[in-house]
Amino acid sequence: MNKVILMGRLTKDPEIRYSQSAEPICVSRFTIAVDRRFKKEGEQDADFIFCVAFRRAAEIMERFMKKGMMISLCGSLQVRSYEDNTGQRKWSTEVMVDEVYFAESKAAFEARMAKGDSDYNYAPQPQPEPEGFKAITQSIDEDDDLPF
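Keep in mind that this is a model prediction, so the values were computed, not measured.

Caption draft 1: Expanded view of the confidence of the model for the protein. Across the protein, the average pLDDT comes to 81, with 76% of residues at or above 70. Summarising per-element confidence for the protein, the mean pLDDT is lowest in helix α2 (residues 106-115) (78) and highest in strand β1 (residues 4-10) (95).

See the structure below:
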């Protein structure tokens, strides 16, 4: 089973595009900041989750969702790979959104924005590599020996 349920704040207004097919399909890309339950000193207190919505969910994102809004969503996790301009294989993990919901009232959102509440102006921060770990810069083929 592949099911993801998240609640967090939009880090910026959703990016909206339409496909160039005979019947254009609305596509929305956005990032939500999901607060961590437990915080360690010196670590960021939110995870930044990349999300993609299509059709009706994307249209809802376009019409009603703005930076700083608390939203909840349901979807599935998708991992894909691609080659960058230098020919290196890169990996991307995204939530493919099926449903999206308001998680705060419009009045609460507008009141918070009027106050200039900057607690929710998240911007993803680069994280240092944990001690003893290194980023994987190459793909793992089926023929490669795994260390476990």
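Following the structure, the description resumes.
Caption draft 2: Examining the pairing of strand β6 (residues 89-102) more closely. Sheet topology note: the strand β4 (residues 46-54)/β6 ladder contains three bridges and is parallel. Residue pairing across strands places C51 opposite V95, the latter belonging to β6. Linking strand β5 (residues 70-83) back to β6 in an antiparallel pair, the connection comprises five residues, with G87 at a positive phi of about 90°.

Caption draft 3: A look at the side chain of E94. As for its position among the elements, E94 is in strand β6. In this structure E94 comes out as buried when scored by relative accessible area, which is 7%. Polar contacts involving the side chain of E94 include one to the side chain of R29, which spans 3.0 Å. Among the polar contacts listed, one links the side chain of E94 to the side chain of R80, at a separation of 3.3 Å.

Caption draft 4: Structural view of helix α1 (residues 55-64). Buried within α1 we find A57, A58, I60 and M61. Viewed along the axis of α1, the buried residues span an arc of 155°, placing them on a single side of the element. Away from its buried face by more than 90 degrees, α1 exposes R55, R56 and R63. Close packing links the buried residues of α1 with β1, β2 (15-18), β3 (26-35), β4, β5 and β6.

Conventions adopted
- Residues numbered from 1 in each chain as written.
- Predicted model: local features only at pLDDT ≥ 70, side-chain atom pairs only at ≥ 80, totals over all residues.
- Heavy atoms only, no water.
- pLDDT = per-residue confidence, 0-100.
- Helix = DSSP H or I, 4+ residues; strand = E, 2+ residues; numbered from the N terminus.
- Pairing = 2+ DSSP bridges.
- Buried < 20%, exposed > 50% of the residue type's maximum accessible area, 1.4 Å probe, protein only.
- Polar contact = N/O pair within 3.5 Å; in protein donor to acceptor, adjacent residues only side chain to side chain.
- Arc of directions from axis to C-beta.
- Contact = heavy atoms within 4.5 Å.

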